[in-house]
Amino acid sequence: MLRNLLQGKFLQYPLHTLLVHFPIGLFGLSFLLDSLAWFVQPANALLRGAFYTLAAGLGMALLAGIPGLIDWATIRIDHPAKKTATLHLLLNLAAVGFYLLNFFLRRGTLTATTPPLFPFILSVIGIGLVSVSGYLGGRLVYENGIGVGRHRRWTEVPRQTIYASAQVTTPSGWIPVARAGSLKEGETLRVQVDGTTVMAIAKLQGVFYAFQEFCPHRGGPLSEGSFQSEQVQCPWHRSCFDVRIGQVTRGPAKVALQTYPVMVWADTLHVRLSPEFLPKDKGNTGQRQEKKREPVFS
Amino acid sequence: MKNFLQGKWLGHPLHGFLVHLPVALWPAALAFDLLTRAGIGGNAFVQTSFYAIGLGLASALLAIPTGLADWLDVKRENPAWKLGLYHLILNSILTGAALINLGLRINTFQTSASVALVPLSLSFLCTVLLLVSGYLGGRLVYNYGISVARASAEKRRQPTPMDRRLDRRN
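Because the structure is predicted, anything quoted here is derived from the model rather than measured.

## Some remarks on the overall build of chain B
A tally of helices and strands in chain B yields 8 helices and 0 strands. Along chain B, from the amino end to the carboxyl end, the secondary structure elements read α-α-α-α-α-α-α-α. A total of 170 residues make up chain B; the buried ones form 46% of that total. When contacts within chain B are restricted to residue pairs at least 6 apart in sequence, long-range pairs at least 24 apart make up 76% of them.

So, in structure tokens, the structure goes:
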């Protein structure tokens, strides 16, 4: 599949982060040669070098943009990192724009022996944009874990979170979340109940399991984890849990996962929370309150 | 000191940032070397290649202590520890090769029109080792999660009923 190829799953290494080394390094070298050209005579060789490294950097930047766009598109819509990723994308587009202009301006002055001022200013702007954007890209990997452990997951990851409410339950206290048929084998849903509980629901060998979304180790997203029989593996640091009881089957995690009862009724997935997780309104004294409401879900 | 080298003040691992320059520039140096051998670019490309190796080397030398700080944090029983060791050994070899490469060029790079065979083969060696070592470094991040979400364990963690029960007991 083309998307898996562009995400670098065959390499077990995100293709975008591999390719971006080149524009970052080459633009950096181009800037160094440009700066040296103000001090070293004759400057023509340096300026030619700066031009060709800039051109090579531009080519590699355009190449890196393709898997980058795919990566951006596959980040969950309501992911906190989506905004950072969008900013990263826009800054990169701006940087490529400046370098393109720079490239065409320099192309006509390859015989120059003194550094041209305007292209140099464009290079300074370009380096600034690439630095900020590269920093944001690094944050996406190291802070938000985008692309980390992604190659272990071969089924679709949730496109967005499903928002459910413990105020809307069946008479016996089950919270409807989604159509059971919307989940294929090996896929997951990400469900947030009332802003207090975030859980992942997985379908494994035809059975549904609901468990805490954030890995108790460093908060990796288990709805994007990989599965083997009844075990989920966190994409970030490879902790494994038994999804039936939440027990840790491999570290570094030490704390067990919270699991939730889940059932299918009228082709609808329902989950249940323990009473301590229900909103603390006047009626909630720790005893489950039965609410007579119709199941509502999106 | 360790926190500084790991880049906690920046919110971005320093090693993962500094390695971009050698990773890009040493293969670029090989490309420019080959072009001069093919009679393209002449002295301009000889110079470009020289500065590419130099800038890459400066950044690589800075990257060494940061990489060590990251590696020392990996537990011995983690398979990533061994991978990190290979990464370390390969990087030591290829940084040495880049240093020799730069030394061989320093007297002639301003005048010669093509790169001699020995520096060219050093560039080639550097590039090949770098591809392997860089891939291993990437595996450390993207497969083993080294330095991923390192600073933010407390911030991210969602309280679970299990925690609450433990809290109540304490």
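Here the narrative resumes.
## Some thoughts on the interface of chain B and chain A
Taken together, the 39 residues of chain B in the interface contact 44 residues of chain A. Taken together, the elements giving at least two residues each to the side of chain B that touches chain A come down to α2 (14-18), α3 (20-37), α4 (42-72), α6 (117-142), α7 (153-156) and α8 (161-169) of chain B. The leading source of residues in the side of chain B that touches chain A is α4(B), at 8 residues. Across the side of chain B that touches chain A, the residue classes break down as 21 nonpolar, 14 polar and 4 charged.

## A word on the packing of α3(B) against α4(B)
Residue and element names in this part refer to chain B. Contact pair α3 / α4: the axes reach a minimum separation of 8 Å and the direction vectors enclose 160 degrees. The angle between α3 and α4 places the two elements in the roughly antiparallel class. For the element pair α3 and α4, the recorded crossing hand is left-handed. Counted together, L21, P22, L25, W26, A28, A29, F32, D33, L35 and T36 of α3 and G42, F45, V46, T48, S49, A52, I53, L55, G56, S59 and A60 of α4 form the full contact between these two elements. Here the residues of the contact of α3 with α4 are counted per class, giving 14 nonpolar, 6 polar and 1 charged.

## Thoughts on the nonpolar core
Within the largest apolar cluster, 64 residues are counted, with the highest numbers of intra-cluster contacts made by B:L25 and B:A52. Examining the composition of this core, we find that 12 residues originate from one element, helix α4 (residues 44-74) of chain A, more than from any other. With near-sequence residues (within four places) excluded, B:L25 lies in contact with A:G25, A:L29, B:A52, B:L55 and B:G56. If you look at the next biggest cluster of nonpolar residues, it comprises 47 residues, including A:F227, A:V271, B:V141 and B:A149.

The rules we used
Residues numbered from 1 in each chain as written. Chains lettered and ligands numbered in written order. Predicted model: local features only at pLDDT ≥ 70, side-chain atom pairs only at ≥ 80, totals over all residues. Helix = DSSP H or I, 4+ residues; strand = E, 2+ residues; numbered from the N terminus. Buried ≥ 20, exposed ≤ 12 C-beta atoms within 10 Å, placed from the backbone. Contact = placed C-beta atoms within 7 Å. Nonpolar A, V, L, I, M, F, W, Y, C, P; charged D, E, K, R; others polar. Axes fitted to C-alpha atoms, helices over the stretch in contact; angles between N-to-C directions. Parallel < 35°, antiparallel > 145°, perpendicular 65-115°, else oblique. Left-handed = near helix turned anticlockwise from the far one by under 90°. Core = buried A, V, L, I, M, F, W, Y, C linked by C-beta atoms within 7 Å.

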